[in-house]
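Residues per chain, in single letters:
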Amino acid sequence: MTAGEPTVEDLLRTLAPQVVGVLTRRWGDFAAAEDAVQEALLDAATQWPAEGVPRNPRGWLVQVAGRRMTEQVRSEQARRRREELVAGQVPADRRSAPGADTTDEGADDDTLALLFLCCHPVLSSASAIALTLRSVGGLTTGEIAAAFLVPEATMGQRISRAKQRIKASGVPFRMPDATHWPARLDAVLHVLYLIFNEGYVTSTGPELRRVELSQEAIRLTRAVQALLPDDAEVTGLLALMLLTEARGPARTGPDGELVPLAEQERRRWDTGAIAEGIELITAALPRGPVGPYQVQAAIAAVHDEAPTAAATDWPQILALYGVLSRISDNPLIMLNRAVATAMVHGPAAGLALLADPPPALVGHHRLHAVRAHLHELAGDREAAVADYRAAAHRTASLPERHHLTLRAARLAARAGRGEPDDREAGQC
């Protein structure tokens, strides 16, 4: 592929939920469709790099996965009753996969329909979110486990049980009517939020960002906002994504290294996305009630409106984190609030908030990274170096590990040379 084109891996990640949606709509079996698509993705990952990406890659995947579905139905005797039931429900002209070069009616809506299907109220909120991250977001079980702060094996079991409940429910694959949206909306928004976060701050691997994930989350959130234009939280989430993604181009240096917020070249920020995000959150806040996505968007807007890091209105940000902590139990909020507290009342006050962290944060690399940052602001180099090293040891993101290790090394070197403290360390 030429420069600027998506990699095969990126393309498959984007197409997977669309193909699952097509097959689920046709065959009525979500679990079997996902299994068939996984096999087709493996075939594509093997063939496409060597033979080239087909002219219609989605049609190719639909055709190959459709054949797998047909083979499964024919080879498994225990599923004959289901085959007859499906055959009676699906029109004859929709039972076979189309040619690889044909288009498919309704395909543009399949990812959104799959999103709402996975967030069905028959599932617990945690299970619905985990399943959707796997099927729609394309995240690995390990990445989802990291987002939930639970072991990978636990998350694998949760996803497997969710698939079985969807299968047993007999829920038809289609967009629910408007009366059913409220029951699924919280889970849908949480899923989109987590997909975006994984794209903006990749939890594992050599890349800091996975732009295709964050862009897909924005695309789907726009689609949900088009369905519910008067919902303040939907609008707040879209604003949050735009205001955050606007900083993306400045988050990496020439060699792909992480650039903390305080050190970013703000002229590289996307002013169009910032303007749209501010307009959206300004319109959403008066509608009420105020939810966590609106508050986070307001915080992002304060950061984006500051012409320099030094000009950031930290008292306003701290006040907004106070509101956010009262309406959300996300333990990561405590970390951000501690930084804001330190910027307003001094690093000792920020560290005091982290003296007794919730169990989910104990041993987490972000807790050590924030402590290191606050110790550095306080001039406690020894403690800062220890926490930077602990954070580097615990993160699975290679750019983050490199950044934290380098920070620790620089601090240790300055201490060895007896240089004065650097109180301008930036946030990650």
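Residue numbers here run from 1 along each chain, matching the order of that chain's written sequence. In keeping with the model being predicted, local features are shown solely for residues with a pLDDT of at least 70 and side-chain atom pairs are shown and tallied solely at 80 or more, while totals for entire chains, interfaces and linings include all residues. Excluding hydrogens and water, the side-chain figures rest on all heavy atoms present in the structure.

Focus on the overall build of the chain
Runs of E in the DSSP output that reach at least two residues are strands. Runs of H or I that reach at least four are helices, and both are numbered from the N terminus. When its secondary structure is counted, the chain shows 19 helices and 2 strands. Among the 428 residues that make up the chain, the fraction classed as buried is 50%. Taking as baseline every contact in the chain between residues at least 6 positions apart, the subset at least 24 positions apart corresponds to 67%. Accessible area of the chain: about 20000 Å², with a carbon and sulfur share of 53%. With a 1.4 Å probe rolled over the protein chains alone, any residue whose accessible area is under 20% of its type maximum counts as buried; one over 50% counts as exposed, and the rest are partly exposed. We call two residues in contact whenever any of their non-hydrogen atoms come within 4.5 Å of each other. With residues, only the protein chains shown are counted as cover, and all accessible areas are computed by Shrake-Rupley using a 1.4 Å probe.

Let's talk about the packing of helix α9 (residues 181–200) against helix α10 (residues 211–227)
All axes are obtained by fitting lines to C-alpha atoms, using only the stretch in contact for helices, and the reported angles, taken between N-to-C directions, cover 0 to 180 degrees. Running from N to C, α9 and α10 point in directions that differ by 155°, and their axes come no closer than 7 Å. When the axes of α9 and α10 are compared, the pair comes out roughly antiparallel. The interaxial crossing formed by α9 with α10 has left-handed handedness. On α10, the residues touching W181, L185, V188, L192, I195, F196, E198, G199 and Y200 of α9 are V211, L213, S214, A217, I218, L220, T221, V224 and L227. Throughout this description, any angle smaller than 35 degrees is read as roughly parallel, any larger than 145 degrees as roughly antiparallel, any in the 65 to 115 degree range as roughly perpendicular, and the remainder as oblique. Crossings are sorted by hand: turned counterclockwise from the far helix by less than a right angle, the near helix makes the crossing left-handed, and turned clockwise it makes it right-handed.

Thoughts on the nonpolar core
Counting 86 residues, the largest nonpolar core has L61 and V224 as the members making the most contacts within it. Looking at this core element by element, the count peaks at 12 residues for α9. Those residues within four positions of V224 in sequence are excluded, and the remaining contacts are L112, F116, L185, V188, L192 and V234. Put simply, buried Ala, Val, Leu, Ile, Met, Phe, Trp, Tyr and Cys residues joined by side-chain atoms within 4.5 Å make one nonpolar core. By size, the runner-up hydrophobic cluster in this structure holds 23 residues, among which are I299, I317, L324 and L361.

A word on helix α17 (residues 365–378)
Helix span, expected: 1.5 Å multiplied by one less than the number of residues in the helix. Between its first and last C-alpha atoms α17 spans 20 Å; for 14 residues at 1.5 Å apiece the expected length is 20 Å, and the two agree. The element α17 is largely enclosed, with a buried count of 11 among its 14 residues. Looking one or two residues past α17, G379 carries a phi angle of roughly 85°, positive in sign.

Re the packing of aromatic side chains
Two rings from Phe, Tyr or Trp (for Trp, the six-membered ring) form a pair when their centres sit within 6.5 Å of each other. Planes less than 30 degrees apart are called stacked, planes more than 60 degrees apart edge-to-face, and all others tilted. Under the criterion given, the structure shown has 3 aromatic pairs. A centroid spacing of 5.3 Å and a plane angle of 70° characterise the contact between W48 and W60, whose relative ring orientation is edge-to-face. One end of the pair, W48, is in helix α2 (residues 30–51); the other, W60, is in helix α3 (residues 57–75), and 12 residues separate them in sequence. As far as the burial class goes, W48 and W60 line up, both buried. Note on criteria: charge over ring means Lys NZ or Arg CZ within 6 Å of the ring centre, with the direction from the centre no more than 35 degrees off the ring normal. For R251, the ring lying beneath its charged end belongs to Y200, and the centroid distance is 4.1 Å.

Section: a nonpolar patch on the surface
Here the term patch refers to residues with relative accessible area over 30% and no salt bridge, with like charges joined within 9 Å and nonpolar side chains (Val, Leu, Ile, Met, Phe, Trp, Tyr) within 5 Å. Salt bridges are defined as contacts in which a side-chain nitrogen from Lys or Arg sits within 4 Å of a carboxyl oxygen from Asp or Glu. Judged by side-chain polarity, L285, V290, V323 and I327 come together as a nonpolar surface patch covering roughly 270 Å² of accessible area. Note that I327 resides in helix α14 (residues 314–327).

A look at the pattern of salt bridges
Side-chain pairs of opposite charge can arise whenever the charged atoms involved come near each other. Per the counting criterion, the structure on display carries 14 salt bridges. Notably, a salt bridge pairs R267 with E265, separated by 2.9 Å at the nearest N-O pair. Overall, the relative accessible area of 75% leaves R267 in the exposed class. On the basis of relative accessible area, E265 is assigned to the partly exposed category, the value being 36%. One connected set of salt bridges, linked through shared partners, spans E263, E376, R407 and R414.

Brief notes about the confidence of the model for the chain
Confidence of the predictor at the level of single residues is given by pLDDT, which spans 0 to 100. When pLDDT is averaged along the chain, the result is 83; 86% of the residues meet or exceed 70. Within the model, pLDDT remains below 50 along residues 90–108, and this stretch shows 33 contacts once partners closer than five positions in the same chain are excluded. Every residue in residues 423–428 scores below 50 in pLDDT, and together they form 24 contacts with partners more than four places removed in sequence or on other chains.

Observations regarding the environment of M343
The residue M343 is located in helix α15 (residues 331–345) in this model. For M343, a relative accessible area of 37% translates into the label partly exposed. Each C-alpha atom, one on M343 and one on L374, is 9.4 Å from the other, the two residues being 31 residues apart in sequence. Here M343 is in contact with W314 and L377, once residues within four sequence places are set aside.

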